[in-house]
Amino acid sequence: MEGLQKFMPTDAADLGRFTDVALLILLSFVDGAKHGYAMIEDIRTFSGTMLEPGTLYGALLRLEQRGWIAPQPAAARRRPYAITAPGLAALQASIATLQRLVTVGITRGALA
Amino acid sequence: MKPSSLPSLRRAVDVCLWLYPRAWRLRYHQEMWDLLEQYPVTVWTVVDVLLGAGDAHFHQQWLPQEVLSMAQQIRTSANTLLVAFSLFLIAWVMVPFIRDTPDTWNAATAHHPEIIASLLLFVGAGAVAVIAVLIGGIPLLVASVAQAVWGRRPDVWARLLIPVLLGMVLVAFSLVAQPAWWARFGVRLPTSALWLKVGFFLLAFLVLGGSTWALASALTRSNFSDSLLRFLRLPGFLLGVALWSAFLAVLALTILVMQEEPQLAEPGFLLPGFAAVVLCACGLASAALKRMFSAPPPTTVVGSDA
C-alpha cells in the first residue's frame, strides 16, 4: 500500500471528500489542458460520473493550492487548467496503487 | 447536454455564487458563472453550489491567499470583532441585573464579597472593551461617513443610517411602553406588563443585531488607508484582552453564585448562559485577532482591494 499512502494519507489527507474527485480531474488532464465544462464532459465520458460545479471547483481549489494543477492563460472567458509535474507524480502513484489492487483482486478471484 | 430550461434554478444558483467568500469569488466567480451557463442546472446543482460555498467558508486555508490582501484581512477581522463585541454586549448589559433585588443582593454579598469583586471585574472589563471599540471604531466611522458624504455613496449612507433609525425605534418603543404614556389616552396598563418588557428586550436584540450588520456592511463597502487598518490591531488586541478578562470574571461569578448564593440568579441557567455567550464572543474575537495579526504586509499584496 505504499503508493496509496504516498498519495492519500500524506499529500492528499486534507483533500477529504474531494480525494476521488481530484483523482478523476488529474486523470482528465493527462491528455491536455481543459476548462471547467470540458473537464466535466471528459470525466462523464470516461468514468460515467457527472461532477457538479460546486464539487468540481472545491477540488480544483485544493489541487491548485497544492500545486498539482496550474491555471493557463484564459481563452475567451474560459480558463483552462493543466496538470503539473508534482500532480502527474501524485496521479502516477495513485494509479500504480489502484493497479496493484486490481491485480490482487484478480489473483484472489474477486472478478470470477 | 443542454442548459436547464428552468430560469428560477439558474437565478438561484447565481445567488448561491455570491455566498462564497470574497477571496474565492475574486478568483473563481467568473469561471464558474461561465461554466454554469453551459451546465444543465438542477435542484441538486443548487444544493451542490450551496454546499461548496459552505465548504469554502469552513476551509478558508485553501482560499487563494494572494487575493486576501492585508486590508481585506484586517477589515474582515474588524467586522468579526464588531460581531463579537455585540454578542458580549448582551451579557454585559444583562448580567448586572443580578443586583435587581437589593435586599437579596446585599444579604448575599455581605457574606461573600468576592461576588461583588467578580461582578465589578466583569463590568470593568466590559468598560475597557467599550473603550477599545470606541478607539478603533470612531476613526473608521468618521472615515466611512466622510466617504459617504464626499464620495456620494448612498449604499454606505443607507447602512450608516440604519443603526440611527433602529435606535429611534427603540427609544420610541421604550416611551410608548410607559404606562404614563398610555394614561394620556385613558388606557391603563399594569405597571409590570410582561409583554412590554419582553417586547423591549426582543426589540433591543433586533436593534443590536440589525445595527451590527448595518455597520459591518458599511465598513465593508468603505475604503480605509493601510495605516488606519494597521492601527486597528491595537484596539483589537485590547478588546481581545478585555473580553477574555470579562469571561474569567463572569465564570468566577457564575461558580460563586451557583455554589454559594443560588437565589441571586433565577432561573439558574441564566448566568451559565451569559458565560457561554461571553465565551462565544471570546472565540470569535480570538479568531479575528489571529487573522488580523497574520495579515501579510502591504508590499506582498497582489490583487484588488476595491
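Coordinates for the structure precede this section.
Residues numbered from 1 in each chain as written. Chains lettered and ligands numbered in written order. Predicted model: local features only at pLDDT ≥ 70, side-chain atom pairs only at ≥ 80, totals over all residues. Heavy atoms only, no water.

Chemist: Just to check I follow, could you spell out the overall build of chain A for this structure?
Modeler: The number of helices and strands found in chain A is five helices and two strands. Helices and strands in chain A line up, N terminus first, as α-α-α-α-β-β-α. Scored against the burial criterion, the 112 residues of chain A give a buried share of 44%. A separation of at least 24 residues holds for 52% of the contacts in chain A among residues at least 6 apart in sequence. Carbon together with sulfur atoms contributes 58% to the accessible area of chain A, which is approximately 5,700 Å² in total. (Helix = DSSP H or I, 4+ residues; strand = E, 2+ residues; numbered from the N terminus. Buried < 20%, exposed > 50% of the residue type's maximum accessible area, 1.4 Å probe, protein only. Contact = heavy atoms within 4.5 Å. Areas by Shrake-Rupley, 256 points an atom, 1.4 Å probe, with all protein chains shown as cover.)

Chemist: Explain the overall build of chain B to me, please; I cannot follow it from the model alone.
Modeler: A tally of helices and strands in chain B yields twelve helices and zero strands. Of the regular secondary structure in chain B, the N- to C-terminal order runs α-α-α-α-α-α-α-α-α-α-α-α. Across the 306 residues that make up chain B, the buried fraction comes to 40%. Across chain B, contacts joining residues at least 24 apart in sequence account for 82% of those joining residues at least 6 apart. Only carbon and sulfur atoms are counted for the fraction: they give 73% of the accessible area of chain B, which is about 16,000 Å².

Chemist: Is there a simple way to explain the interface of chain A and chain B in this structure?
Modeler: It is common to give the size of an interface as the accessible area lost on bringing the parts into contact. Each side of the interface is counted separately: chain A has 27 residues, and chain B has 27 residues. In this assembly, chain A packs against chain B so that about 2,400 Å² is buried in total across both faces, 54% of it on carbon and sulfur atoms. At the boundary of chain A and chain B, one finds three salt bridges. In this structure, the connection of chain A to chain B is made through twelve residue pairs in polar contact (both at pLDDT 80 or more). (Buried area = accessible area lost by both parts, 1.4 Å probe. Salt bridge = Lys/Arg side-chain N within 4 Å of Asp/Glu carboxyl O. Polar contact = N/O pair within 3.5 Å; in protein donor to acceptor, adjacent residues only side chain to side chain.)

Chemist: Quick question: what am I supposed to make of the packing of aromatic side chains here?
Modeler: Aromatic ring pairs are reported here in terms of the distance separating the ring centres and the angle at which the planes meet. Under the defined criterion, the tally for this structure stands at eight aromatic pairs over all chains. When the ring of B:Trp24 is compared with that of B:Tyr28, the centres are 5.6 Å apart and the planes differ by 40 degrees; the resulting orientation is tilted. Taken as a pair, B:Trp24 and B:Tyr28 lie in helix α2 (residues 22-38) at a separation of four residues, close to a single helical turn. Overall, the relative accessible area of 1% leaves B:Trp24 in the buried class. Above the ring of A:Trp68, the side-chain terminus of A:Arg66 is found at 5.1 Å from the ring centroid. (Phe/Tyr/Trp six-rings, centres within 6.5 Å; stacked < 30°, edge-to-face > 60°. Lys NZ or Arg CZ within 6 Å of the ring centre and 35° of its normal.)

Chemist: Honestly, the environment of B:Thr254 in this entry has me stumped. Any pointers?
Modeler: Residue and element names in this part refer to chain B. On the secondary structure map, Thr 254 appears in helix α11 (residues 233-260). Owing to a relative accessible area of 7%, Thr 254 belongs among the buried residues under this scheme. Distance from Thr 254 to Pro 272, taken between C-alpha atoms, is 6.3 Å for residues 18 residues apart in sequence. Apart from residues no more than four positions distant in its own chain, Thr 254 is found in contact with Leu 271, Pro 272 and Ala 275.

Chemist: Could you clarify how one ought to interpret empty space enclosed by the protein in this entry?
Modeler: Evaluation of the coordinates by the stated rule reveals two cavities of 30 Å³ or more. By volume, the largest cavity is sized at about 60 Å³. Lining the largest cavity are eleven residues, and of these A:His35, A:Gly36, A:Arg78, B:Glu31 and B:Leu35 sit closest to its centre. At the level of secondary structure, the elements contributing two or more residues to the lining of the largest cavity comprise α3 (36-47) of chain A together with α2 of chain B. (1 Å grid on protein atoms, 1.4 Å probe; cavity = no way out; pocket = protein on both sides within 12 Å on 5 of 7 lines; lining within 4 Å. Points joined across faces, edges and corners; volume = space filled by probe spheres on them.)

Chemist: Whenever I open this one, the packing of helix α6 (residues 113-150) of chain B against α11(B) confuses me. Can you help?
Modeler: Packed helices, taken two at a time, are described by the angle their axes make and the gap between the axes. Residue and element names in this part refer to chain B. Axis separation between α6 and α11 bottoms out at 8 Å; the angle between their running directions is 160 degrees. When the axis of α6 is compared with that of α11, the two are roughly antiparallel. Considering only the axes of α6 and α11, their crossing is left-handed. In the contact of α6 with α11, the residues fall into 22 nonpolar, three polar and one charged. (Axes fitted to C-alpha atoms, helices over the stretch in contact; angles between N-to-C directions. Parallel < 35°, antiparallel > 145°, perpendicular 65-115°, else oblique. Left-handed = near helix turned anticlockwise from the far one by under 90°. Nonpolar A, V, L, I, M, F, W, Y, C, P; charged D, E, K, R; others polar.)

Chemist: Help me understand helix α4 (residues 53-66) of chain A in this model?
Modeler: For the α-helix, the turn length of 3.6 residues means that residues three or four positions removed from each other point alike. Across its 14 residues, α4(A) extends 20 Å between first and last C-alpha, which sits within 8% of the 20 Å expected from 1.5 Å per residue. Most of α4(A) is tucked away: twelve of the 14 residues are buried. Considered for burial, the residues of α4(A) that qualify are A:Pro53, A:Gly54, A:Thr55, A:Leu56, A:Tyr57, A:Gly58, A:Ala59, A:Leu60, A:Leu61, A:Arg62, A:Leu63 and A:Glu64. Structurally, α4(A) contributes buried residues whose contacts are with α2 (19-28), α3, β1 (69-71) and β2 (81-83) of chain A together with α2 and α3 (43-58) of chain B. (Expected span 1.5 Å × (residues − 1).)

Chemist: Is there a simple way to explain helix α5 (residues 85-107) of chain A in this structure?
Modeler: All names here are of chain A. End to end, α5 covers 33 Å across 23 residues, agreeing with the expected 33 Å (1.5 Å per residue, within 8%). Among the residues making up α5, those that are buried are Gly 87, Ala 90, Leu 91, Ala 93, Ser 94, Thr 97 and Gly 105. A positive phi of about 80 degrees marks Gly 109, the residue just after α5.

Chemist: When you look at the layout of surface pockets in this model, what are you seeing that I'm missing?
Modeler: Residues and elements named next belong to chain B. In this structure, the largest pocket encloses a volume near 870 Å³. As for the largest pocket, its lining consists of 30 residues, and the residues nearest its centre are Arg 22, Arg 25, Thr 76, Asn 79 and Thr 220. Counting residues per element, the lining of the largest pocket draws most heavily on helix α4 (residues 70-94), at six residues. Looking at the lining of the largest pocket, its residues break down into 13 nonpolar, ten polar and seven charged. For the second largest pocket, the calculated volume is near 620 Å³. Looking at the second largest pocket, it is lined by 25 residues, and the ones nearest its centre are Leu 82, Phe 85, Val 133, Gly 137 and Leu 215.

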